[in-house]
Amino acid sequence: VLKEAVANALRHANATELWITLQPQSAASLKSKKMAELSVEDNGVGVSNGLLSKKFIASCGAGIRNMKSHAKEIDGELLIVGRQGGGVTVTLYCPL
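As the structure is a computational prediction, the values presented were derived from the model and not from experiment.

A.B. asks: So what about the pairing of strand β4 (residues 88-95)? Which residues, and what values?
C.D. replies: Extensive coverage of β4 is indicated by the burial of seven of its eight residues. Pairing of strand β2 (residues 35-42) with β4 involves seven bridges; the strand directions are antiparallel. Among the inter-strand pairings, L38 is bridged to a residue of β4, identified as L92. The pairing of strand β3 (residues 77-82) with β4 spans six bridges and is classified as antiparallel. Note that in β4 the partner of G82 across the bridge is V88. Connecting β3 to the next strand, β4, in antiparallel fashion are five residues, including G85 with a positive phi near 95 degrees.

What counts, and at which threshold
- Residues numbered from 1 in each chain as written.
- Predicted model: local features only at pLDDT ≥ 70, side-chain atom pairs only at ≥ 80, totals over all residues.
- Heavy atoms only, no water.
- Buried < 20%, exposed > 50% of the residue type's maximum accessible area, 1.4 Å probe, protein only.
- Helix = DSSP H or I, 4+ residues; strand = E, 2+ residues; numbered from the N terminus.
- Pairing = 2+ DSSP bridges.

Right under this line is the structure:
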């Protein structure tokens, strides 16, 4: 997921900066599961949140579909959020 998120930011978003964070998540907010959060944020051209529907993901290249599939394989969750004014944050929540 990390590799694909970075590749997408560089290849498609024309990003010049990336911020990558990996941190544990508190049990209280995640129903007592020990989880980790991996986030990749970029300053690229962005994408409208309206475009991130299931229909859009199904019609796009393999990158987003593969990230979603990998997240599901490890019982995780993938969120992709476009920011107004540009940039995207890809966040993977996965069990430890």
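Having seen the structure, we can now continue with the description.
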